[in-house]
Amino acid sequence: MTTRITVDPITRIEGHLRIDVEVDDGKVSKAWSSGQMWRGIEKILVGRDPREAWSYTQRFCGVCTTVHAITSVRAVENALNLEVPLNAQLIRNIIQTAHAIQDHIVHFYHLSAVDWVDVVSALDADPVATAKLAESLSDWHLNGPHEMKAVQERLKTFVGSGQLGPFASGYWGHPAMKLPPEVNLLAVAHYLQALDIQNHANKIVAILGGKSPHIQNVAVGGVSNSIGHDAPSVLNIERLMLVKNFIDKLDHFVKSTYMSDVPAIGAFYLDWAGIGGGVNNYLTVPDCPVDTKGTEFMLPGGFIENADLASLKPIKTFDDAYFRDGVAESSKHAWYEGDDALHPWVGETEPQYTDFQDEGQYSWVKAPTFYGKRAEVGPLADVLVGVASGHDGYTKYLNQTMDILKSVSGNPDIPLAAVHSTIGRHAARAIRCGVMIDTLHDQWQRLVDNIGTGDVDTFNSPVFPKEEIKGVGFHQAPRGALSHWVVIENGKIKNYQAVVPSTWNAGPRDADGQIGPYEASLMDNPVADPEKPLEILRTVHSFDPCIACAIHMVDTEQKEIVKVKAL
Amino acid sequence: MASKNILIIGMGNVLMQDEGVGVRAVEELENRYIIPQGVTVIDGGTTGMGLYDPIRNCDQLIVADAINTGDAYGTLVRIANDDIPAFFQTKLSNHQLGLSDLLALLTLKAEVPRHVAIIGMVPHSLENKLGLTNEAAAGLDAMVKRLVDELADLGVQLEERSEQLIGHWRREAELEAQGLCA
């Protein structure tokens, strides 16, 4: 029998993502990923001053504010061929890297852990055994029996009050939940601790960005921070030491907790290392420039095909034609006019809404391709491209993660190919987070050293020509390759397109009918109970989806979320 | 005592018309009234976790936001304390880790503000533009007044500025209406 399952949060909140699957004999046989919100937000930018575009683009999204701000100024700088002072590059890099760390921690502990951790089961755990287990995994100072007991008591009160709050939606007791009570309690303890830890990263962003939650210091041509010893608003050694202090705290948690929790929990879900592989092509862009021209980077970029690391084609600079010429978007299966795959500089967004048509148009998200191929973006792509490029940190942390996975599961034969999976994406995010921590230390030291040489430049003034110019700015964002494409004429924006990471991953079928990464990853997923499609959520959540880039409205009219229909 | 540590957050997306009415309301509040010590006003946009620290450190929280209750467009509503819905259901997007989730997390950590009130307006249109619809624009003054009243109930009397200021988003929306951009 075939069952159609629709998971559709749009009935509750405007916009967002809808997933449809057909299930045959307990496995997904067809999948559709549909963005349910018209996204024409870039049109607001047409006619505006390119120097101010960033203050609008940082409002695209409530999660990735800094991400869209920095990518926007990079696009305009690329159009102008404008160099950026080294201090400004480093300050931006520190902000975006701190943001990435915060984002990865929150994704694992606060957004997706409840897919794997049975919170209610933590009430049955033995706190002493939990502490013993935790101490065998790491030297984190908040793993003792008293801490575990206190967390359990707090959870007991919370659950006993009848309001499960953050845990109310969990599929407790679902047959796909496999962790012993002690591991569940450990995860809940770290869930609560991670709330305070992620805040350290926010503080770094606020100190350098001037204001929170929307940063104020970005400018086309650099940053507006001034460096010196005097006035309280300037960036001085006292503030830099404060930043350093937060970096050290993040380092301790990520390396002793996040990076061991993921493989330790993953060891109980090894079947998920064989489920959820996507399109097997991976794209990422280089980031953390350490020169003024954008030709040297801390994080490598490139494209890998068919899961073959040897196929790596690198993307080397901010101006690399290999990236610039390879991107196109198709709207054949999206609710826009036209069927051809178009380059973002000539991209069109004229809406043409039909109903949800399985074989026709079914999404507001377009289908991006790289030289005609579908590509997955995000931490898994970053890790694979990093390892293929010979990046030391990625290689070291990938090996370390595999070692913990093998040791906790007692299975020494887990192949590296297991990373092309649902659990592999979570592992990759933790690995990337470790690399981000090391990068953050490095960028901080470079900034301090550069200021020490007497260089206090932070800004090069842009000058706009009358004729038409075009630029692309990109960023290796927490969810993957983000690019902003701008056309400027006479100092005003003529066209602006953002190709966001979740567009790459959540896009519908393309001009050739190829399915996108979400759709590919759902194929053959098991579904034990169609009414509680936990397995579908696990795989989609492993990408860290972020679709609407916009809407958050409070809605008191809650409606049905999961629909199941026998076909 | 009553005036200690009050946080007012405007929530919403200013690029989506009435969705941003909360941000526009707190902008007006700051530009029409003198904000006394002990009261902090934040433009929260559509962020969630970025507000963790300020919310954790306040005693009383007032939120201005677009709220879809099913009532007529432009209707003002107030939801307070136990009536604020906890939104932890099937999550497919990060944006659903919003304000209500944050409040629930802080409850679990026993760090939730003593008093929470949402002053909301039912939005009419969510097009991609800055300017509010006529319905929302008509209700904006009343929404600002509700915020003033809410503060008064907490023991804080706001003093009007001798001369009103014009905030960034209001100015940009006016420029848009004059056809000077887009």
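Placed above this text is the structure.
No experiment lies behind these values; they were computed from the predicted model shown.

### Here we look at helix 5 (residues 168-177) of chain B
No. 1: For helix 5 of chain B, the complete set of buried residues consists of Trp169, Glu172, Ala173 and Glu176 of chain B. Buried positions in helix 5 of chain B, seen along its axis, are confined to an arc of 100° and lie on one side of it.
No. 2: In this fold, the buried residues of helix 5 of chain B make contact with helix 1 (53-57) of chain A together with helix 1 (21-32) and strand 3 (39-45) of chain B.
No. 3: Looking one or two places after helix 5 of chain B, you find Gly179 of chain B, whose phi comes out positive at around 75°.

### Side note on the environment of Leu416 of chain A
Residue and element names in this part refer to chain A.
No. 1: With respect to the secondary-structure elements, Leu416 resides in the loop between helix 10 (392-409) and helix 11 (422-452).
No. 2: By relative accessible area, Leu416 is classed as partly exposed at 44%.
No. 3: Placed 14 residues apart in sequence, Leu416 and Met402 show a C-alpha to C-alpha distance of 7.9 Å.
No. 4: Apart from the residues within four sequence positions on either side, Leu416 is in contact with Leu398 and Met402.

### Considerations on the sheet that holds strand 6 (residues 282-284) of chain A
Residues and elements named next belong to chain A.
No. 1: Spatial ordering of the open sheet is given by 6-9-10, a layout of three strands whose pairing is antiparallel. The open sheet terminates on both sides in strands that have one partner only, identified here as strand 6 and strand 10 (313-315). Put simply, the sheet's adjacent strands are angled 20° from each other on average, direction ignored.
No. 2: Here strand 9 (residues 301-304) runs beside strand 10; their pairing, made up of three bridges, is antiparallel. Each bridged residue has a counterpart across the sheet, and for Phe303 the counterpart in strand 10 is Lys313.
No. 3: Lying on the sheet, helix 9 (residues 379-388) is in contact with strand 6 and strand 9; it crosses strand 6 at an angle near 85°.

### Let's talk about the pattern of salt bridges
Working definition: two side chains of opposite charge can pair if their charged atoms are close together.
No. 1: Counted by the stated rule, this structure contains 35 salt bridges over all chains.
No. 2: A salt bridge links Arg48 of chain A to Glu172 of chain B; the shortest N-O distance between them is 2.9 Å. In this pair, Arg48 of chain A is assigned in the loop between strand 3 (27-35) and helix 1 and Glu172 of chain B in helix 5, connecting two distinct chains. Considered together, Arg48 of chain A and Glu172 of chain B belong to a single accessibility category, that of buried residues.
No. 3: Note that Glu150 of chain B is salt-bridged to Arg78 of chain B, the shortest N-O span being 2.8 Å. You can see Glu150 of chain B sitting in helix 4 (residues 134-153) and its partner Arg78 of chain B sitting in strand 5 (residues 76-80), a full 72 residues away along the chain.

### Digging into the side chain of Thr133 of chain B
Residues and elements named next belong to chain B.
No. 1: Here Thr133 shows up in the loop between strand 6 (115-121) and helix 4.
No. 2: Under the relative-accessibility criterion, Thr133 is labelled buried at 9%.
No. 3: Setting aside its immediate chain neighbours within four residues, Thr133 contacts Gln17, Asp18, His124 and Ser125.

### Focus on the pairing of strand 3 of chain B
Residue and element names in this part refer to chain B.
No. 1: Strand 3 sits mainly inside the fold: five of its seven residues count as buried.
No. 2: Here strand 1 (residues 6-11) pairs with strand 3 via six bridges, running parallel. Pairing of Leu7 across the sheet is with Thr40, part of strand 3.

### Remarks on the sheet that holds strand 15 (residues 492-499) of chain A
Residues and elements named next belong to chain A.
No. 1: Strand order in the open sheet made by the three strands is 13-14-15, with antiparallel pairing throughout. The strands lining the two open edges of the sheet, one partner per strand, are strand 13 (469-477) and strand 15. When the angles between neighbouring strand axes are averaged without regard to direction, this sheet yields 15°.
No. 2: Pairing of strand 13 with strand 14 (residues 480-489), which is carried by nine bridges, proceeds in the antiparallel orientation. Note that in strand 14 the partner of Lys470 across the bridge is Val487.

### Section: the environment of Asp126 of chain A
All names here are of chain A.
No. 1: For Asp126, the location among the structural elements is in the loop between helix 3 (86-112) and helix 4 (127-137).
No. 2: On the accessibility criterion, Asp126 (37% relative accessible area) is partly exposed.
No. 3: Asp126 sits 56 residues away from Glu182 along the chain, and the two C-alpha atoms are 6.4 Å apart.
No. 4: One polar contact links the side chain of Asp126 to the main-chain amide nitrogen of Val128, over a distance of 3.0 Å.

Conventions we followed
- Residues numbered from 1 in each chain as written.
- Chains lettered and ligands numbered in written order.
- Predicted model: local features only at pLDDT ≥ 70, side-chain atom pairs only at ≥ 80, totals over all residues.
- Heavy atoms only, no water.
- Buried < 20%, exposed > 50% of the residue type's maximum accessible area, 1.4 Å probe, protein only.
- Helix = DSSP H or I, 4+ residues; strand = E, 2+ residues; numbered from the N terminus.
- Arc of directions from axis to C-beta.
- Contact = heavy atoms within 4.5 Å.
- Pairing = 2+ DSSP bridges.
- Axes fitted to C-alpha atoms, helices over the stretch in contact; angles between N-to-C directions.
- Salt bridge = Lys/Arg side-chain N within 4 Å of Asp/Glu carboxyl O.
- Polar contact = N/O pair within 3.5 Å; in protein donor to acceptor, adjacent residues only side chain to side chain.

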